[in-house]
Amino acid sequence: VQLQASGGGLVQPGGSLRLSCVASGSIFSINGVDWYRQAPGKQRELVADITRRGSTNYADSVKGRFTISRDNAKNTVYLQMNSLKPEDTAVYFCNAIIMTSDRVQRGYWGQGTQVTVSS
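Residues numbered from 1 in each chain as written. Predicted model: local features only at pLDDT ≥ 70, side-chain atom pairs only at ≥ 80, totals over all residues. Heavy atoms only, no water.

Quick notes on the side chain of R70
Topologically, R70 is positioned in strand β7 (residues 66–71). For R70, which is buried and forms no salt bridge, the nearest opposite charge comes from D71, at a distance of 8.3 Å. Reaching out from R70, the side chain makes a polar contact with the backbone oxygen of I30 at a distance of 2.8 Å. A polar contact is formed between the side chain of R70 and the backbone oxygen of N31, at a distance of 2.8 Å. (Helix = DSSP H or I, 4+ residues; strand = E, 2+ residues; numbered from the N terminus. Buried < 20%, exposed > 50% of the residue type's maximum accessible area, 1.4 Å probe, protein only. Lys, Arg positive; Asp, Glu negative; His and termini not counted. Salt bridge = Lys/Arg side-chain N within 4 Å of Asp/Glu carboxyl O. Polar contact = N/O pair within 3.5 Å; in protein donor to acceptor, adjacent residues only side chain to side chain.)

Quick notes on the sheet that holds β7
Strand order in the open sheet formed by four strands is β1-β3-β8-β7, and the pairing between neighbours is antiparallel. Each edge of the open sheet is held by one strand with a lone partner, namely β1 (2–6) and β7. For this sheet, the mean inter-axis angle between neighbouring strands, taken without regard to orientation, is 15 degrees. Examined bridge by bridge, β1 and strand β3 (residues 17–24) share five bridges and lie antiparallel to one another. Paired with Q2 across the two strands is S24, which belongs to β3. (Pairing = 2+ DSSP bridges. Axes fitted to C-alpha atoms, helices over the stretch in contact; angles between N-to-C directions.)

This is the structure:
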């Protein structure tokens with residue numbers, strides 16, 4: 001099983017980006033999926049999470065600006081980021097609880113995608 005995060009880049013303050021987290025391999029089901037971020041010199045923090053059924057939670061710092069969603073048919077979770085601020089600059093990682101075809105369940109991390117918000 002592999003988890004691939006993509007969609008990062010350089011954007012001006014107030015701009016938008018959409019991150020994608022795609023799971024591939026011998027997957028039976030994908031349960032909870034989280035997006036984390038880590039800025040230089042700071043601890044990794046939870047940004048948003050979504051359950052298999054679509055219930056969501058957000059960090060206070062991104063509420064009203066970020067939206068997490070999922071397409072179970074495509075094994076993909078998205079993070080739509082609007083009204084971006086310089087303080088959103090970080091490497092963004094996805095983490096997913098995946099049950100493989102042999103019914104083993106554990107967490108997987110994607111490789112991270114850089115988001116830079118700067119004028």
